[in-house]
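# Secondary and tertiary structure notes
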Amino acid sequence: SDSYADGNEIYGLQQTTKSDFPNGIKFHVEVKGPDTIDDIRVYFRKIGQVGDSGYRIVDFEDGNHIYGESEILSNKDNQYIAPGTRIEYHYDIRDVAGRVLKTEPQVYTYLDNRFDWETVTDGVITVFYFGAGSLEKAEQILEICRTTLDQMGPILGIEPAHPLHIVTYQEYSDMELALPFRSKTVSESLRTQGIAFADERSLIIYTSNNSFVGTTKHEFTHLLVGDAAGRAYNRVPLWLNEGLAEYANNEGSYQSYLNSAIQNGDLLPLWQRETFSGTPRDMMIGYGQGESVVQFMIDEYGTE
């Protein structure tokens, strides 16, 4: 445009965004203008989270042709960015004369940069995979998610319009670095098979053992519940959220735990199942109870 020619506006020459996994996302920007540029901010939000945006000040040496960089950190100060998260960002660039340049929003998908990821996709669902022999499993996971959406979409009353990402790992040691800090402290006996980040519409699945089929059905349903609940996701009682996830998962069963609790007379009322606490057995009973109630509601009253 003419303004470039007469050099009377700030204009961006280049912007690059890179994964600095597991530490976060690095932003680099090169900008030129007629006067000294003295303030650059990068505004960002996780797509799928309504309205929660933040910004970082971009570091650079003042001048009229500058190179700046900034980073959004993960796993520091309760900030965590799950692999598969889509970040929308734009720059706000200002100079000493009061000129402002707001760049067009861009979308960046944060991934584990140790691997060359490939994707299979179907509508809004995308599965990320890497490594020899992993395509077949990725396609199987895509099919499981598609089927789960067909089953649970009508029950939850949703037709998701925004991407849902499934990031798969074949080796547990590879996946471990991708998990939020708190999950790493969980004992080896309770290895995380999969973990859903409903706000970010992203899911990490460990695919090497055969439980991945049930895990995928269960965890993917959490993403669908997130789609249905929106900002109120954290208000969904745990018995209902886990009950729906287990209803979708016909692989596993917590029925025996539920039965033993009924026989022993130590079944808690639903209102005490807003959250789960206690021993692993207590939690298993909670899963079984939630599933049983969801099953009852659907059998008795239908999906409506």
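Read on for an overview of the structure. (Residues numbered from 1 in each chain as written. Predicted model: local features only at pLDDT ≥ 70, side-chain atom pairs only at ≥ 80, totals over all residues. Heavy atoms only, no water.)

## Remarks on a nonpolar patch on the surface
On the surface, a cluster of nonpolar side chains totalling about 340 Å² of accessible area is made up of Phe296, Met297 and Tyr301. The topology assignment puts Tyr301 in helix H8 (residues 280-301). (Patch = residues over 30% accessible without salt bridge, like charges linked within 9 Å, V, L, I, M, F, W, Y side chains within 5 Å. Areas by Shrake-Rupley, 256 points an atom, 1.4 Å probe, with all protein chains shown as cover. Salt bridge = Lys/Arg side-chain N within 4 Å of Asp/Glu carboxyl O. Helix = DSSP H or I, 4+ residues; strand = E, 2+ residues; numbered from the N terminus.)

## Looking at the sheet that holds strand E8 (residues 118-122)
One open sheet holds the five strands; their spatial order is E8-E9-E10-E12-E11, and the pairing between them is mixed. Looking at the sheet topology across the chains shown, the edges are occupied by E8 and strand E11 (194-197). Each strand axis lies, on average, 15 degrees off the axis of its neighbour in the sheet, ignoring direction. In this sheet, strand E10 (residues 164-169) lies alongside strand E9 (residues 125-129) in parallel orientation, the contact comprising four bridges. Directly across from Val127, in E10, lies its bridge partner Ile166. In this fold helix H5 (residues 212-229) packs onto E9, E10, E11 and strand E12 (202-206), with an angle of close to 170 degrees to the strand it touches most, E12. (Pairing = 2+ DSSP bridges. Axes fitted to C-alpha atoms, helices over the stretch in contact; angles between N-to-C directions. Contact = heavy atoms within 4.5 Å.)

## Quick notes on the pairing of E9
Burial analysis of E9 places five of its five residues in the buried class, which makes it a mostly covered element. Every second residue of E9 is oriented toward a common face, with Ile125, Val127 and Tyr129 on one face and Thr126 and Phe128 on the other, all of them buried. Pairing geometry for E8 and E9, over five bridges, is antiparallel. The residue of E9 that forms the bridge with Glu118 is Tyr129. Counting the residues between successive antiparallel strands, the hairpin from E8 to E9 contains two residues, one of them, Gly123, with a positive phi of roughly 65 degrees. The handedness of the E9 to E10 crossover, carried by helix H2 (residues 135-156), is left-handed. (Buried < 20%, exposed > 50% of the residue type's maximum accessible area, 1.4 Å probe, protein only. Right-handed = clockwise from strand over helix to strand, strands pointing away.)

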